[in-house]
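Each chain is listed here by its residues.
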Amino acid sequence: MEMEKLVSLCKRRGFLFQSSEIYGGLNGFWDYGPLGVELKRNVKDAWWRDMVTAHDDFAIPLGAPEAYEMTGLDCSIIMHPQVWKVSGHYDLFHDFMVDCTESKKRYRHDQVRGRWVEAKGKRVFVATSAEAESEQADLQQKALKFFNLRGKDADSLAWEGPVVSLATVQDFSQVVGPDAKGPGTLTPPREFNLMFKTIVGALGTEEDAAFLRPETAQGIFVNFKNVLDSTRVRVPFGIAQVGKSFRNEITPRNFTFRSREFEQMEIEFFCHPSQSPQWYQYWRDRRFRWYTELGLAGERLRLREHHADELSHYSCGTADIEYAFPFLPPGEFGELEGIAHRGDFDLRSHMEGKLVREDDQLAVEKGPDGKPRRRGSGKDLSYRDDISNERYIPHVIEPSAGADRGTLAFLCEAYHEDQAPDDKGDLQTRVVMKFHPRLAPIKAAVFPLVKKDGMPELALEIYRGLKPHMTAFYDEKGAVGRRYRRQDEAGTPFCITVDGQSLQDKTVTVRHRDTLEQWRVKADDVVDEIRRRLA
Ligand code: GAP
């Protein structure tokens, strides 16, 4: 599937719009349109329901070491600035950027790619920020321009090695930046903190600076004691949260994949340290299964364990659930969700202060005065098991998913083109979004075949019968074939049509989006029929 087709469908049918589009848009920010808001809400609702409300606290789920409890939170976006100092985000949450002194553009160091090329006795690294599919074409254009050659002279360009990241290049004096005419215009890489800064209160001094949260997780850690004290949960248990996070990404790209404002669906699962490896395995597999159950199946979805050298300093295991998004080069995957074994890093940090690894141990980072450099809360965040009387700091398994990336993957997976007959019976290419019925923005559409003879009245009655149970849509405009096509593009699993026969025998046709199968059902039974098929 070509990404441009999906992007254009998303705009045309109201799944996604660029934020503030009438003012030229704002890079890295997106608005969900009437269909998109339903789709994303369904993704988040499916997650919340499957992970929290429908979870049975008393049964042992497949692959779990024992039964466990799940509960939820909804924390503020702006938190005490010390939270981010202790969590490490203040000191460590940065990317490296390079600036171009000629074009005044800014790039993420590791995302600029290029290739060494020689011609006319000169060797340079030409760089591009083009999308993967057009990378080589863009590099060739740039090299021809730089060496003052014409297209027919492309053979005189001697390319060296594959396309690689700018991060592999030491000497920038030979680099022709993505938007520069000559070499040597890129600055050395500089650190850039990804947290958005804001001011709380009217004074506006640096002391009032605060940050928009870059992850929802910290709200859960700092409320660990509140949840323990206000509920009767016992370890093992999980706390879930869905909410907005913000990262000032240097180069937002690939539609909503890397945005500056996005939503996360995170679980912090607290368990006994001795059981944490089993719980890590359980959550890894459970979360992978969740995507497959909702239709992301086959070779485009994979689970990738991180190598030991990729792990964060506190982690003894991390796996990513990845999807082969169509905007990536063949064989490359993008992260949908990370499942991390975080040990006791977070609770300990919020007790004692920011932790660093010293001699293979985690220790509170000390300033020159020997005191913690980033002070923790000093509160006791340990857990006492009231049966065994053991007191310990629970270990944490964190399945952390992106609601926007998930939604984008479901959109990509749903996009299909096939052949279907039009109103005259001729085969035409049809675009159909084959969403899992749980995710489909509209579950059923109702059409009167024509706008007369009592058909609209019966169709509206059916529409009103569906409304309390599901998102339904009524459409009486245009040829019925065109109405089917519009619902196929919206991904509506069932279309119900009231026709001449309906007025005689009180039956209607139901059409299935994927199979195009049509069958007749009594008008009085159609609501139950659709509900049964969606269940
Ligand atoms: N608490 C752990 C954490 O935040 P992460 O890997 O940085 O981990 C988790 O983020 C998920 O959030 C990612 O797997 C991705 O789905 C989503 N995410 C992260 N940055 C994003 C961005 N800039 N745009 C959209 N989604 C993003």
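Residues numbered from 1 in each chain as written. Predicted model: local features only at pLDDT ≥ 70, side-chain atom pairs only at ≥ 80, totals over all residues. Heavy atoms only, no water.

> How should I be thinking about the overall build of the protein chain in this particular structure?
When helices and strands are tallied, the protein chain shows 14 helices and 29 strands. C-alpha atoms of the protein chain, sized along the principal axes, occupy 90 × 80 × 50 Å. Here the protein chain holds 535 residues, and 52% of them are scored as buried. Within the protein chain, contacts between residues at least 6 apart in sequence are counted, and of these 64% link residues at least 24 apart. Here the protein chain displays about 25,500 Å² of accessible surface, and carbon together with sulfur accounts for 49% of that area. (Helix = DSSP H or I, 4+ residues; strand = E, 2+ residues; numbered from the N terminus. Buried < 20%, exposed > 50% of the residue type's maximum accessible area, 1.4 Å probe, protein only. Contact = heavy atoms within 4.5 Å. Areas by Shrake-Rupley, 256 points an atom, 1.4 Å probe, with all protein chains shown as cover.)

> I tried to follow the sheet that holds strand β4 (residues 94-99) on my own but got confused; where do I start?
Strand pairing within a sheet occurs via backbone hydrogen bonds; the two strands may be parallel or antiparallel. With antiparallel pairing, the 3 strands of this open sheet are ordered in space as β5-β4-β10. Whereas interior strands pair on both sides, the edge strands pair on one side only; in this sheet they are β5 (106-108) and β10 (190-193). Ignoring which end each strand starts from, the neighbouring axes of this sheet average 45° apart. The sheet contact formed by β4 and β10 spans 4 bridges and is antiparallel. (Pairing = 2+ DSSP bridges. Axes fitted to C-alpha atoms, helices over the stretch in contact; angles between N-to-C directions.)

> Is there a simple way to think about helix α8 (residues 276-293) in this case?
Helical geometry: 3.6 residues make up each α-helical turn, so side chains three or four residues apart lie on a common side. Between the first and last C-alpha of α8 there are 25 Å, a value that for 18 residues agrees with the 26 Å anticipated at 1.5 Å per step. Restricting attention to buried positions, one finds in α8 the residues Ser276, Trp279, Tyr280, Tyr282, Trp283, Arg284, Arg286, Arg287, Trp290 and Tyr291. (Expected span 1.5 Å × (residues − 1).)

> Just to check I follow, could you spell out the pattern of salt bridges for this structure?
Two side chains of opposite charge can pair, provided their charged atoms sit close to one another. One pass over the full model with this rule turns up 48 salt bridges. Taking the shortest distance from any N to any O, the salt bridge between aspartate 95 and arginine 108 comes out at 3.4 Å. One end of the pair, aspartate 95, is in strand β4; the other, arginine 108, is in strand β5, and 13 residues separate them in sequence. Exposure remark for aspartate 95: the relative accessible area of 15% places this residue in the buried category. Note on arginine 108: relative accessible area 11%, which makes it buried. Close ionic contact of arginine 284 with glutamate 305 constitutes a salt bridge, the shortest N to O distance being 2.5 Å. In this pair, arginine 284 sits in helix α8 while glutamate 305 sits in strand β15 (residues 301-305), placing the two residues 21 residues apart along the sequence. Under the relative-accessibility criterion, arginine 284 is labelled buried at 14%. With a relative accessible area of 35%, glutamate 305 lands in the partly exposed category. Through salt bridges with shared partners, a single ionic network connects Asp91, Lys354, Glu365, Arg373 and Arg374. (Salt bridge = Lys/Arg side-chain N within 4 Å of Asp/Glu carboxyl O.)

> Can you walk me through the site of the ligand in this structure?
Lining the immediate environment of the ligand, one finds 19 residues, of which Glu215, Glu249, Ser259, Glu266 and Glu335 sit closest. Between a nitrogen atom of the ligand and a side-chain N or O atom of glutamate 398, the distance comes to 3.0 Å. Side-chain polar atom of arginine 405 to a nitrogen atom of the ligand: 3.5 Å apart, as the coordinates give it. Considering the ligand on its own, with 560 Å² of exposed area, one finds that the protein chains cover 89% of that surface. Elements supplying a minimum of two residues to the shell around the ligand: β14 (261-271), β17 (334-343) and β22 (395-402). At 4 residues, the largest contribution of residues to the shell around the ligand is made by β17. Classifying every residue of the shell around the ligand by side-chain character gives 4 nonpolar, 6 polar and 9 charged. (Near = heavy atom within 4 Å. Polar contact = N/O pair within 3.5 Å; in protein donor to acceptor, adjacent residues only side chain to side chain. Nonpolar A, V, L, I, M, F, W, Y, C, P; charged D, E, K, R; others polar.)

> Would you mind showing me how to read the side chain of serine 87 here?
By the secondary structure assignment, serine 87 is in helix α3 (residues 81-87). What makes serine 87 buried here is its relative accessible area of 12%. Within polar-contact distance, the side chain of serine 87 engages the backbone oxygen of tryptophan 84 at 3.2 Å. Those residues in contact with serine 87 that lie beyond four places of it in its chain are Gln218 and Phe345.

> It is not clear to me how the environment of glycine 481 should be interpreted in this structure. Could you clarify?
Examined against the element boundaries, glycine 481 turns out to sit in helix α12 (residues 480-490). We classify glycine 481 as buried; its relative accessible area is 14%. A sequence separation of 274 residues divides glycine 481 from glutamate 207, and the C-alpha atoms of the two residues are 63 Å apart.

> It is not clear to me how a negative patch on the surface should be interpreted in this structure. Could you clarify?
A contiguous patch of negative charge, built from Glu2, Glu4, Glu131 and Glu133, is present on the exposed surface. Along the chain, the position of glutamate 4 falls in helix α1 (residues 3-12). (Patch = residues over 30% accessible without salt bridge, like charges linked within 9 Å, V, L, I, M, F, W, Y side chains within 5 Å. Lys, Arg positive; Asp, Glu negative; His and termini not counted. Charge placed at Lys NZ, Arg CZ, Asp CG, Glu CD.)

> Sorry if this is basic, but what is going on with the domain arrangement of the protein chain here?
Accessible area lost when the parts come together is the quantity often used to give the size of an interface. When cut into domains, the protein chain gives domain 1 (3-93 + 195-388 + 398-410), domain 2 (96-191) and domain 3 (428-534). Averaged C-alpha coordinates put domain 2 and domain 3 at centres separated by 54 Å. (Domains from an automatic or database assignment.)

> Help me out: how do you make sense of the side chain of threonine 509 in this one?
Locating threonine 509 in the fold gives a position in strand β28 (residues 507-512). What makes threonine 509 buried here is its relative accessible area of 11%. Excluding its chain neighbours within four sequence positions, the residues that come into contact with threonine 509 are Cys495, Ile496, Thr497, Asp499, Gln518, Trp519 and Arg520.

> Teacher, can you tell me more about the nonpolar core here?
The tendency in soluble globular proteins is for nonpolar side chains to be buried as a group. Counting 58 residues, the largest nonpolar core has Trp283 and Phe325 as its most contacted members. Looking at which domains feed residues into this core, each of domain 1 (3-93 + 195-388 + 398-410) and domain 3 (428-534) supplies at least three. Setting aside anything within four residues of it in sequence, one finds tryptophan 283 in contact with Met51, Tyr68, Met70, Ile267, Phe269, Ile339, Ile397 and Pro399. Ranked by size, the runner-up nonpolar core spans 23 residues in total, among them Met455, Ile462, Tyr463 and Met470. (Core = buried A, V, L, I, M, F, W, Y, C linked by side-chain atoms within 4.5 Å.)

> In this structure, what is going on with the pairing of strand β18 (residues 355-358)? I would like to understand it.
In the case of a regular strand, side chains alternate between the two sheet surfaces. Relative to strand β19 (residues 361-364), β18 runs antiparallel, the two sharing 4 bridges. Within the sheet, the bridge partner assigned to glutamate 358 lies in β19 and is glutamine 361. Where β18 hands over to β19, the hairpin turn is made up of 2 residues, of which aspartate 359 adopts a positive phi near 50°.

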